[in-house]
Amino acid sequence: MPNFNHFVRDSVSNQLSDYAEKHEGEQTSITTGSGNPVGEKDASLTVGYHGPTLLQDVMLLDDLSHFTKERNPERVVHAKGAGAFGYFEVTHDITQYTAAKPFSELGKRTPIAVRFSTVAGERGYPDTVRDVRGFAVKFYTEDGIWDIVGNNTPVFFVKDAALFSSFIHVLKRNPVTNVRVDYDMFWDFVSLRKETTHQTLITFSDRGIPRSYRHMHGYGSHTYSFINAQGVLHWVKYHFITNQEIQNMSSKDALRIAGEDPDFHTRDLYNAISTGDYPSWTFCIQVMTQEQAQKLSYDPFDLTKVWLHADSPLIPVGRIVLNKSPSNYFAEIEQIAMDVAHLIPGIDISPDRMLQARMFAYRDTHQYRLGTNYNQLSVNSAYRVHNYSRDGYGTVVSQGGAPNYHPNSFEGPVIDKRARALSPCLPLHGDAKRIDSGHDDNFSQARLLYTRVLKEDERVRLVENLVDWLKRTTKKIQRRAISNFEQVHKSLGTKLREALNLSEEFHIEF
Ligand code: HEM
């Protein structure tokens, strides 16, 4: 059971006392947003004691007109989260796989920002719910921003972006009742799309509720490409292995803590960093040549499948360490803009259909959520930007008077030859048509998880957790879901059927 006592004063509770101690006697005077000194803060400008407030009260106008706009649209997914800053340090040479700058020499450090999150709830949602956790890392490299926007699980529920918004809808509130979880929506979709089975088992295993953000692994999940100095391409997967060890929370503890301290994971991260207990992860990769990938018995670009370690062992690369909390959550974490399309020379994408769609989605949503110039916010800004875009809301970058059109004869920025040399050359062929990928083998890897990875006690809790959600949906949907779980393993189906008092004989309606 987590060591939890919300009456103890911790670093989170002491945030204001710490500030006061540090700034004792400084006597800063209040100003308006435009820096004009304010002489009275506790009273509006009125005509007499009961009189109306005057429009000329610029102090009040300054304060209230800012207050009414203090919220922006929240993330459509992953709205509740916490984040911190630190560095990535190279411990092993992988320059034979990639020419990307962060890996160029042993011991090299690259500044990073990390944001952890839950997926389904809103900005104020409790941390300790059963859900996948986001694990997104922003690297501030000499070649600009590189983001790995992954989760704490190596696979995902669906593998075609055509199904993504529907999947997210079934996780979120029912549009009529405004209640979540709507168990009918969730199990209906999950049982109709069998490719969800692998990720569903992971989510209902112990790892569905981590002890903290520090006690979980992170994964890039998708397959990406590495390009080395000779232009040779390898496929790659990213793993962040926690050095705090995996720890999870029982459903019972999670439920209680969700009520007592909904920000439990947020508090944990802040406290750990404040007390110098810096969380770290070992950054590992799995690598395959194009020829190896072609010989696999499963699709190496299928987001519902892992690469088996027997096919591609983990190669350590370095470590990431978090040693600084944000000084303002909204400025530095709420406004952080993670994007799988933030790539640097030596790193590229793969022919994974989900990843292709994600290349569009993040920039698009950031422009809506944070404005056209979200890249100029300090948490998102690269060390140098030389392009032909100008202006728009919130512009602060002038680019020193350089021309804003290309081509030009006035010393405007020119193409980067190294980036061109490191661009992958992928031979693509095939007929343009819509192919439903949901009929591939959806159960073999889920079976390996159930039979080889999970221990007996973990399998018992998996069944309990599944039953806890399944019992809230209709018999018809229960039966359809069980018939999928039965294809993972006969005994899983039997245990679920027994726990839900369903007879052996039934007709499954799809
Ligand atoms: C086609 C599929 C997907 C689409 C369209 C999509 C779209 C989005 C959108 C719109 C956001 C909100 C971003 C923001 O407002 O800052 C988001 C956040 C996020 N997504 Fe996805 N997503 C997809 C698949 C995935 C997958 C497969 C993963 C993990 C492997 C993932 C991980 C994340 C994470 C970690 C965040 C939160 C980033 C942060 O902390 O700021 N997404 N996604």
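Residues numbered from 1 in each chain as written. Predicted model: local features only at pLDDT ≥ 70, side-chain atom pairs only at ≥ 80, totals over all residues. Heavy atoms only, no water.

A.B. asks: Go over the UniProt feature "binding site: heme" (unreviewed entry) in the chain, please, and point to the residues and values.
C.D. replies: Within the UniProt annotation, "binding site: heme" (unreviewed entry) is assigned to Tyr-362. Among the secondary structure elements, Tyr-362 is positioned in helix α10 (residues 353-369). Since its relative accessible area comes to 22%, Tyr-362 is described here as partly exposed. Once residues within four sequence positions are removed from consideration, Tyr-362 is found in contact with Val-149, Met-338, Asp-339 and Val-340. (UniProt positions renumbered as here; feature names shortened; annotations may be inferred. Helix = DSSP H or I, 4+ residues; strand = E, 2+ residues; numbered from the N terminus. Buried < 20%, exposed > 50% of the residue type's maximum accessible area, 1.4 Å probe, protein only. Contact = heavy atoms within 4.5 Å.)

A.B. asks: Explain the site of the ligand to me, and be specific about the residues and the numbers.
C.D. replies: Taken together, 25 residues sit near the ligand, with Arg-75, Arg-115, Arg-358, Tyr-362 and Arg-369 positioned nearest. For the ligand, an oxygen atom lies 3.2 Å from a polar atom in the side chain of His-366. Interatomic distance of 2.7 Å between a side-chain N/O atom of Arg-369 and an oxygen atom of the ligand. Element by element, the count of residues in the shell around the ligand is highest for α10, at eight residues. Classifying every residue of the shell around the ligand gives 13 nonpolar, eight polar and four charged. (Near = heavy atom within 4 Å. Polar contact = N/O pair within 3.5 Å; in protein donor to acceptor, adjacent residues only side chain to side chain. Nonpolar A, V, L, I, M, F, W, Y, C, P; charged D, E, K, R; others polar.)

A.B. asks: Report on the packing of helix α3 (residues 164-171) against helix α4 (residues 183-192), specifying residues and quantitative values.
C.D. replies: α4 packs onto α3 with a crossing angle of 145° between their chain directions and a minimal axis gap of 7 Å. Touching Ser-166, Phe-167, His-169, Val-170 and Leu-171 of α3 are Met-185, Phe-186 and Phe-189, all from α4. Taken together, the residues of the contact of α3 with α4 break down into six nonpolar, two polar and no charged. (Axes fitted to C-alpha atoms, helices over the stretch in contact; angles between N-to-C directions.)

A.B. asks: So what about empty space enclosed by the protein? Which residues, and what values?
C.D. replies: Enumeration over the complete set of coordinates arrives at four cavities of 30 Å³ or more. Considering only enclosed or pocket space, the largest cavity measures out at about 100 Å³ in volume. Lining the largest cavity we find 13 residues, and of these Asp-131, Val-132, Phe-157, Leu-171 and Thr-203 sit closest to its centre. Counting residues per element, the ones that place at least two in the lining of the largest cavity are α3 and α5 (197-204). Of the residues assigned to the lining of the largest cavity, the class counts are nine nonpolar, one polar and three charged. (1 Å grid on protein atoms, 1.4 Å probe; cavity = no way out; pocket = protein on both sides within 12 Å on 5 of 7 lines; lining within 4 Å. Points joined across faces, edges and corners; volume = space filled by probe spheres on them.)

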